[in-house]
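Architecture and fold: a report
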Amino acid sequence: MRTAVETQVVLRNGCWHGEACHREVRVRAIAEDDAALVDELSSTALPLERDTLLLARCVTGLERGDGPRMQCVRDLSLGDREALLLHARRLTFGGQIDCVLPCPECHERTDLQLHVDQLLLPVAAGEPKRYFEETMVADGVRFRVQFRIPSAADLEEALSDSNRVCSDAVQVVLYRSVEWVRLQSEESELANENALPLDAWPADLMTRISERMEELDPQAEINLNLTCPACQHCFTTVLDIGDYLLRELTAREQRRYQEVHQLALAYHWSEADILNMSQRRRQLYLNLLSESSGE
């Protein structure tokens, strides 16, 4: 059986257990012998759920006494989850990512070579604050805002109602992530004691808070700025590393059972015996079969 490769990763925003922030976790390669994984990933309704299942399989060091690993993965920021998926992909399939992307203008398909190390953003040293305080001006009024970076659980809650419109979903995320919003008086740097309810926030303030959250979680979305070599059209696309990983895992599973099929036909070994072989040993036998057949 293949031994999983592991690496230590420092999170940007971390996983909060009470007042303590855990920033260091371990990531390991996605095991080849996890037979149920592809079926579970394919049956998830949302990309968030798919990524949670993936990370629960390959990330350790998040566990806490009052909750299972799955919930700890949900409590991570979207950017931390994206970084962990990139690390898992590198450990499982290597650092180079080969993509084929169609141009939205001329529809020509272009081969693209990406590298995980180039997609990972640097993480600053030092302990992150749980909440960030900023003075924000909206509609000419100054506010003090204290919030945390939204987690996957916040977004899952916002998307749980299929009838909820986008603006309402944004409000749900803000309501879960913002601790308080207060008017700031001109005479004092201290915020007023009375916090404003959500329905009293100016629309411009909600936009400012959302933008600030995006700035503080820059790894959350991987945008690729590309130029089509055929028509020179410039365009931007988003790399969904979770979806890419699912397709790679599906292809790996198919190749694995093709190998079992070939070896069972040639040597009459049982499925269990073949699957218990290392990938290298199976490939050596497949090479012998290929040489003997003259291919």
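Refer to the structure presented above.
Bear in mind that the values here come from a model prediction, so they are computed numbers and not experimental data. (Residues numbered from 1 in each chain as written. Predicted model: local features only at pLDDT ≥ 70, side-chain atom pairs only at ≥ 80, totals over all residues. Heavy atoms only, no water.)

Now for the sheet that holds strand β2 (residues 20-28). Read from one edge to the other, the open sheet built from three strands follows the order β1-β2-β3, with strand pairing classed as antiparallel. Every other strand in the sheet has two partners, leaving β1 (6-17) and β3 (59-60) as the edge strands with one partner each. Bridge analysis of β1 against β2 gives eight bridges, and the strand direction is antiparallel. For V10, the partnering residue across the bridge sits in β2 and is E24. Strand contacts of helix α4 (residues 78-93): β1, β2 and β3, with the helix running at about 165° to β1, the strand carrying the most contacts. (Pairing = 2+ DSSP bridges. Helix = DSSP H or I, 4+ residues; strand = E, 2+ residues; numbered from the N terminus. Contact = heavy atoms within 4.5 Å. Axes fitted to C-alpha atoms, helices over the stretch in contact; angles between N-to-C directions.)

Time to look at the environment of C99. Secondary-structure assignment places C99 in strand β4 (residues 96-102). Relative accessible area serves as the criterion here: at 8%, C99 is assigned to the buried category. Considered as a pair, C99 and Y244 are 145 residues apart in the sequence and their alpha carbons are 9.1 Å apart. Among all residues touching C99, those that are not within four sequence positions of it are T110, D111, L112, L114 and Y244. (Buried < 20%, exposed > 50% of the residue type's maximum accessible area, 1.4 Å probe, protein only.)

Take the packing of aromatic side chains next. Throughout the structure, instances matching the rule amount to three aromatic pairs. Plain terms: the ring middles of Y267 and Y285 are 5.4 Å apart, the flat faces sit at 65° to each other, and that makes the pair edge-to-face. Here Y267, found in helix α9 (residues 241-267), pairs with Y285, found in helix α11 (residues 279-292); they are 18 residues apart in sequence, far enough to count as distant. Owing to a relative accessible area of 29%, Y267 belongs among the partly exposed residues under this scheme. Grouped by ring-pair contacts, the aromatic residues Y267, W269 and Y285 constitute a single cluster. (Phe/Tyr/Trp six-rings, centres within 6.5 Å; stacked < 30°, edge-to-face > 60°.)

Our focus in this paragraph is a negative patch on the surface. Side chains of D139, D204, E211, E214 and E221 sit close together on the surface and give a patch of like negative charge. Topologically, D139 is positioned in the loop between β6 (132-138) and β7 (141-147). The class for D139 is exposed, based on a relative accessible area of 58%. (Patch = residues over 30% accessible without salt bridge, like charges linked within 9 Å, V, L, I, M, F, W, Y side chains within 5 Å. Areas by Shrake-Rupley, 256 points an atom, 1.4 Å probe, with all protein chains shown as cover. Salt bridge = Lys/Arg side-chain N within 4 Å of Asp/Glu carboxyl O. Lys, Arg positive; Asp, Glu negative; His and termini not counted. Charge placed at Lys NZ, Arg CZ, Asp CG, Glu CD.)

Residue pairs three or four apart in sequence face the same way in an α-helix, which turns once every 3.6 residues. For helix α2 (residues 47-58), spanning 12 residues, the distance from its first C-alpha to its last is 17 Å, which sits close to the expected 16 Å at 1.5 Å a residue. Counting buried positions along α2 gives nine out of 12 residues, so the element sits mostly inside the fold. Buried within α2 are the following residues: L48, R50, D51, T52, L53, L54, L55, A56 and C58. (Expected span 1.5 Å × (residues − 1).)

Bringing the pattern of salt bridges into the picture now. Per the stated rule, a full pass over the model turns up 12 salt bridges. The shortest N-O distance in the salt bridge between R74 and E156 comes to 3.3 Å. On the criterion of sequence distance, the pair formed by R74 in helix α3 (residues 69-74) and E156 in helix α6 (residues 152-159) is long-range, its members being 82 residues apart. For R212, the salt bridge goes to E215, with nearest N and O atoms at 3.0 Å. On the criterion of helical spacing, the pair formed by R212 and E215 is a turn pair, its members being three residues apart in helix α8 (residues 203-216). Taking relative accessible area as the criterion, E215 reaches 52% and is therefore assigned exposed.

Note that S77 resides in the loop between α3 and α4. The exposure class assigned to S77 is buried, which follows from its relative accessible area of 3%. Polar side-chain contacts of S77 include one of 3.2 Å to the side chain of N13. (Polar contact = N/O pair within 3.5 Å; in protein donor to acceptor, adjacent residues only side chain to side chain.)

A word on the pairing of strand β11 (residues 234-239). Bridge count for strand β10 (residues 222-227) against β11 is six bridges, and the pairing is antiparallel. Bridging from a neighbouring strand, L226 pairs with F235 of β11. Adjacent in sequence and paired antiparallel, β10 and β11 are bridged by six residues, among which Q232 carries a positive phi angle near 65°.

The contact between α2 and α4 brings their axes to 10 Å, and the two run at 55°. What the angle tells us is that α2 and α4 run oblique. Considering only the axes of α2 and α4, their crossing is left-handed. Side by side, α2 and α4 meet where L48, D51, T52, L54, L55 and C58 of the first sit next to L78, R81, L84, L85 and A88 of the second. Grouping the amino acids of the contact of α2 with α4 by side-chain chemistry returns eight nonpolar, one polar and two charged. (Parallel < 35°, antiparallel > 145°, perpendicular 65-115°, else oblique. Left-handed = near helix turned anticlockwise from the far one by under 90°. Nonpolar A, V, L, I, M, F, W, Y, C, P; charged D, E, K, R; others polar.)

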